[in-house]
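Examining the three-dimensional arrangement
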Amino acid sequence: MMQLQDPVTVLKGVGPKKAEALAKLNIETVGDLIRYLPREYQDRRTVTPIAQLAPGQVTTVIAKVERVIQNFYRTGRRQMLRVLVSDASGTLDVLFFNAGFLKKAFRTGEEYAFFGTVSQVRNRLAMAHPQFTPAKDRESGILPVYPLTQGITQKDLRAWQRLAMPLYEQLTECLPEKIVSENRLTDPASALRGIHFPEDRQRYLEAKYRMIFEELFILQTGILAVKAKSAAGEGIAFDPEADVQDYIDGLSFPLTGAQKRVTEEIMKDLESDHVMNRLVQGDVGSGKTAVAEIAMVKAVRSGYQAVLMAPTEILAKQHFEGIGPAFAKYGIVTGFLSGHMKAVEKRETLERLRSGEIDVLVGTHAVIQPEVEFAKLGLVITDEQHRFGVDQRIRLREKGSDPNVLVMTATPIPRTLAVIVYGDLDLSVIDEMPPGRTPVRTRCIGEELREDCYRFVEQQMAAGRQAYVVTPLIGPSDAMDVRSAEEVAEELAERFSGKNGYGKYRVGLLHGTMKQDEKDRIMEEFYRGEIDLLVSTVVIEVGINVPNATVMVLENAERFGLAQMHQLRGRVGRGKHKSYCFLIRQGDSEVASKRGEIMESSADGFYIAEEDLKLRGPGDIFGTRQHGLPPLLIADLVRHREILQKAREEAARVIEEDPGLLLAGHEELRRRVLRLFGNSLMLDL
Ligand code: ADP
Ligand code: MG
């Protein structure tokens, strides 16, 4: 009997070549195959008589081939194959363009089944590029359509999926019985049958619901198990006597109400003896850094070391340059670590860290490398690391004996979703801006006003300010009417710097495929004011701070998501000068203009994120990858958030009863959790 772990070659028709192609789809065993899901379906249940066809209809037609006519267009080499077919009710043109080789596929007088979309060509009904087979070989029913790769056809996959169907009976239920019955979920075998070969829509929907529920339930169970584990772990309690008030009083500004509240939440966690795992969400400019500084001072004064990790070299350096001198005044020693340091310097820093001489380490991902050892790590802070996964958080945590963890992010995820995405963290929100900020004045304009916009940019530069111009693409592309960063940079360099670069203003270019060193150098120059105008792709999105920059221009604004535009706009309005944002939009789609209005009228990242969800459904920033969660096969965190909520409640009940998933009946669930997270959870389950 076939087993789930058997290689695909046990299936009839799968030889070494096909197996190799399947491996490209990550299908190696027959178990993998049955978990490979259709992307869509074709409903081949209805056969429509030709006389009843209507344009736009997707259907099967069974008809006899009357004539095959090959037409060449007079201009060029375009070629059309016209197959005239008929059934008892009428005649139809079946058309194939540039596919003369198909001529031999048809035999006059024979009956074929054609499946495709009906169209109208010069008052005649037609079907262009239908799928077809001789009528006697016709597949009927609702057929799955799988994502393919070279060397594998739809027919292959369907046939193999059918051959693998007996395996369904071997699947073990991973959901606890009670959850299955209370949520009226179908069993795993029926679910797979309903997904691969649904008999009708109802059965397909039941199957899909079950699979989405299962996937989200396993995801949530894993996240909550991590949370339970870290909550149970002995944490480091910081010294309640260690006072930080003098540091707070020494800041150049009074804390906002929200900063005070969040600082208190953090202090309470830090002084308690269970581990802190807290996410601080605060819009760009809300003042997360000050809160982080206070927490680090608390750690050091309690006799521990702290580490602050940033996603890019330049951000890390900015933090270091800000925090270092501030801390030095209080006798706190700060060190810096990145992947781009001289070996000697690095060795020295690592040594000083190990000996405990460095109190606070600031750096990039380099700080989680294995060779980095702390004398007494008590607090880990990550800044703007929404791509920083559960497993990486755990890796950092393992560098100390369960240090406290603070994750700071400006990615405005609606609260309902954040609780789930960051399910292993407690949540604090800085929902108030420091006083005196005037919102960035934002205008959404058409291309006809681009000239005015750039004249305005020039005035700002003449006044000593700096500007950003961001485009969606790096290089020229013929596919779209999009201004690329390279093209725009060239154009603006000519305009502002003059042909030989002796003009008044310096224009720089920054994009994602440049070498890291070069990116750092350009950013550094912009930061120091040696570049006046920076043309860039979205690489500047995260946390960069150049207070002298006052204008943000987004070219092809219609191609950016709302949340993304908000992040980009947050790069200006960071200093004492009034700041501006121009969204230059091409075309006038309704969604684009709605987005423009939202940007013009709101500066609230959370509101904008909610609107973003409504306008485009699941967007980039809500993908699981970006949050460091394992990839999901069928569920979508946004579209299925109601199911997610339900699955979370059920997962919470299970974990509360059995945090290690050790009870009888949870064996399969435990296996599935470990498989989804690829053991990265270090759960010791
Ligand atoms: P973000 O939350 O985006 O990381 P920052 O911590 O970089 O924000 O703060 C943005 C700017 O606001 C900094 O220049 C900082 O000095 C200033 N700032 C922070 N808190 C306050 C406050 N309570 N009052 C006035 N200015 C503040
Ligand atoms: Mg910041």
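Residues numbered from 1 in each chain as written. Chains lettered and ligands numbered in written order. Predicted model: local features only at pLDDT ≥ 70, side-chain atom pairs only at ≥ 80, totals over all residues. Heavy atoms only, no water.

A look at the overall build of the protein chain
Tallying secondary structure elements over the protein chain gives 21 helices and 21 strands in all. Restricting to contacts in the protein chain with at least 6 residues of sequence separation, those with at least 24 account for 72%. Put simply, the protein chain shows about 31,800 Å² of open surface, and 49% of that area lies on carbon and sulfur atoms. (Helix = DSSP H or I, 4+ residues; strand = E, 2+ residues; numbered from the N terminus. Contact = heavy atoms within 4.5 Å. Areas by Shrake-Rupley, 256 points an atom, 1.4 Å probe, with all protein chains shown as cover.)

Concerning the site of ligand 1
Lining the immediate environment of ligand 1, one finds 15 residues, of which Gln259, Gly285, Lys288, Thr289 and Arg437 sit closest. Interatomic distance of 2.6 Å between a backbone N/O atom of Gly285 and an oxygen atom of ligand 1. Lys288 has a polar side-chain atom sitting 2.8 Å from an oxygen atom of ligand 1. Protein coverage of the free-state accessible area of ligand 1, which is 570 Å², stands at 78%. Residues of the shell around ligand 1, tallied by class, amount to five nonpolar, six polar and four charged. (Near = heavy atom within 4 Å. Polar contact = N/O pair within 3.5 Å; in protein donor to acceptor, adjacent residues only side chain to side chain. Nonpolar A, V, L, I, M, F, W, Y, C, P; charged D, E, K, R; others polar.)

So, the pattern of salt bridges
Enumeration over the complete set of coordinates arrives at 39 salt bridges. Among the salt bridges present, the one from Arg528 reaches Glu524, with a minimum N-O distance of 3.8 Å. Salt bridges linked by common partners bring Arg261, Glu265, Asp269, Arg278 and Asp431 together as one network. (Salt bridge = Lys/Arg side-chain N within 4 Å of Asp/Glu carboxyl O.)

A word on the packing of helix 17 (residues 562–569) against helix 18 (residues 590–601)
With their axes 11 Å apart at the nearest point, helix 17 and helix 18 run at an angle of 35° to one another. Read as a crossing pair, helix 17 and helix 18 show a hand that is right-handed. Along the contact surface, helix 17 presents Leu562, Met565, His566 and Arg569, while helix 18 presents Arg595, Ile598 and Met599. Of the residues belonging to the contact of helix 17 with helix 18, the class tally is four nonpolar, one polar and two charged. (Axes fitted to C-alpha atoms, helices over the stretch in contact; angles between N-to-C directions. Left-handed = near helix turned anticlockwise from the far one by under 90°.)

What about the pairing of strand 18 (residues 507–510)?
Along strand 18, the buried face is formed by Gly508 and Leu510; none of Val507 and Leu509, which line the opposite face, is buried. With helix 16 (residues 516–527) bridging strand 18 and the parallel strand 19 (residues 533–536), this β-α-β connection has right-handed handedness. (Buried < 20%, exposed > 50% of the residue type's maximum accessible area, 1.4 Å probe, protein only. Right-handed = clockwise from strand over helix to strand, strands pointing away.)

Here's the deal with the packing of helix 8 (residues 257–271) against helix 9 (residues 288–301)
Closest axis-to-axis distance for the helix 8/helix 9 pair is 10 Å, and the angle between their directions is 30°. By the criterion of interaxial angle, the relationship of helix 8 to helix 9 is roughly parallel. Two packed elements cross with a definite hand, and for helix 8 against helix 9 that hand is right-handed. Facing helix 8, whose interface residues are Gln259, Val262, Thr263, Ile266, Met267, Leu270 and Glu271, helix 9 presents Ala290, Val291, Ile294, Ala295 and Lys298. (Parallel < 35°, antiparallel > 145°, perpendicular 65-115°, else oblique.)

Digging into the environment of Arg437
Within the secondary structure, Arg437 sits in the loop between strand 15 (426–430) and strand 16 (441–446). Residue classification places Arg437 among the partly exposed residues on the basis of a relative accessible area of 39%. Apart from residues lying up to four places away in sequence, Arg437 is in contact with Gly285 and Gly573.

Side note on the sheet that holds strand 15
Judged by pairing direction, the sheet is parallel, and its seven strands sit side by side in the order 11-12-10-13-14-9-15 without closing on themselves. Only two strands of the sheet have a single neighbouring strand rather than two, namely strand 11 (334–337) and strand 15. Within the sheet, the average angular offset between the axes of one strand and its neighbour, ignoring direction, is 20°. Relative to strand 13 (residues 377–383), strand 10 (residues 305–309) is paired through five bridges, and the arrangement is parallel. (Pairing = 2+ DSSP bridges.)

So, helix 14 (residues 450–462)
Taking 1.5 Å per residue as the helical rise, helix 14 with its 13 residues ought to reach 18 Å, and the 18 Å between its terminal C-alpha atoms agrees with that figure. Arg450, Cys453, Tyr454, Val457, Gln460 and Met461 are the residues of helix 14 that are buried. Down the axis of helix 14, the smallest arc covering the buried residues is 110°, so these residues share one side. Of the exposed residues in helix 14, those oriented more than 90 degrees away from the buried face are Gln459 and Ala462. Residues of helix 14 that are buried sit in contact with strand 16, strand 17 (466–470), helix 15 (485–497), strand 19, strand 20 (549–554) and strand 21 (580–585). Where helix 14 ends, the next residue or the one after it, Gly464, has phi of about 95°, a positive value. (Expected span 1.5 Å × (residues − 1). Arc of directions from axis to C-beta.)

Topic: the side chain of Ser272
Residue position: Ser272 is located in the loop between helix 8 and strand 9 (277–282). Overall, Ser272 belongs to the buried group, its relative accessible area being 19%. A distance of 3.3 Å separates the side chain of Ser272 from the backbone nitrogen of His274, its partner in a polar contact.

Brief notes about helix 9
Here helix 9 is 14 residues long and its end C-alpha atoms lie 20 Å apart, about the 20 Å a rise of 1.5 Å per residue gives. With 12 of 14 residues buried, helix 9 lies mostly within the body of the structure. When helix 9 is considered as a whole, its buried residues turn out to be Lys288, Ala290, Val291, Ala292, Glu293, Ile294, Ala295, Met296, Val297, Lys298, Ala299 and Val300. Backbone geometry just downstream of helix 9 places Gly303 in the positive-phi region, at approximately 90°.

Some remarks on the nonpolar core
Grouped together as the largest cluster of nonpolar side chains are 56 residues, with contacts concentrated most on Leu22, Leu157, Trp160, Phe213, Leu216 and Phe217. Here the element with the most residues in this core is helix 6 (residues 201–232); it accounts for 12 residues. Among the nonpolar cores identified, the runner-up in size contains 37 residues, and Leu251, Ile266, Ala326 and Met408 belong to it. (Core = buried A, V, L, I, M, F, W, Y, C linked by side-chain atoms within 4.5 Å.)

Let's talk about the packing of aromatic side chains
Scanning all chains against the criterion turns up 19 aromatic pairs. Relative to Phe132, the ring of Phe96 lies with its centre 5.8 Å away and its plane at 75°, an arrangement referred to as edge-to-face. One end of the pair, Phe96, is in strand 4 (residues 90–97); the other, Phe132, is in strand 7 (residues 131–134), and 36 residues separate them in sequence. A relative accessible area of 2% means that Phe96 is categorised as buried. On the basis of relative accessibility, which here comes to 25%, the residue Phe132 falls in the partly exposed class. Pairing Phe456 with Phe582 gives two aromatic rings, centres 5.5 Å apart and planes at 65°, and the pair type is edge-to-face. Of the two residues, Phe456 sits in helix 14 while Phe582 sits in strand 21, which places them 126 residues apart along the sequence. A network of ring pairs unites the aromatic residues Phe96, Phe106, Tyr112, Phe114 and Phe132 as a single cluster. A cation over a ring is seen here: Lys376 above Tyr304, with NZ or CZ 4.5 Å from the ring centre. (Phe/Tyr/Trp six-rings, centres within 6.5 Å; stacked < 30°, edge-to-face > 60°. Lys NZ or Arg CZ within 6 Å of the ring centre and 35° of its normal.)

Overview of unusual backbone geometry
Positive phi is not limited to glycine here, since Arg184 has a value of about 50°. Inspection of the secondary structure puts Arg184 in the loop between helix 4 (177–182) and helix 5 (188–196). Notably, Asn556 is not glycine yet its phi reads approximately 50°, a positive angle.

Structural notes on the sheet that holds strand 20
Strands sit in the order 16-21-20-17-19-18 across an open sheet of six strands; the sheet is parallel. Unpaired on one side and paired on the other, strand 16 and strand 18 mark the two borders of the sheet. Taking the axes of each pair of neighbouring strands and ignoring which way they run, one obtains an average angle of 20° across the sheet. Packing of helix 14 onto the sheet brings it into contact with strand 16, strand 17, strand 19, strand 20 and strand 21, and relative to strand 20 it is tilted by some 160°. Packed onto the sheet, helix 15 meets strand 17, strand 18 and strand 19 and runs at close to 170° relative to strand 18.

Observations regarding the state of the cysteines
Under the counting rule described, the total for this entry stands at zero disulfides. Cysteine Cys444 shares no disulfide, and the gap to the nearest cysteine sulfur, in Cys581, comes to 9.2 Å. (Disulfide = S-S within 2.5 Å.)

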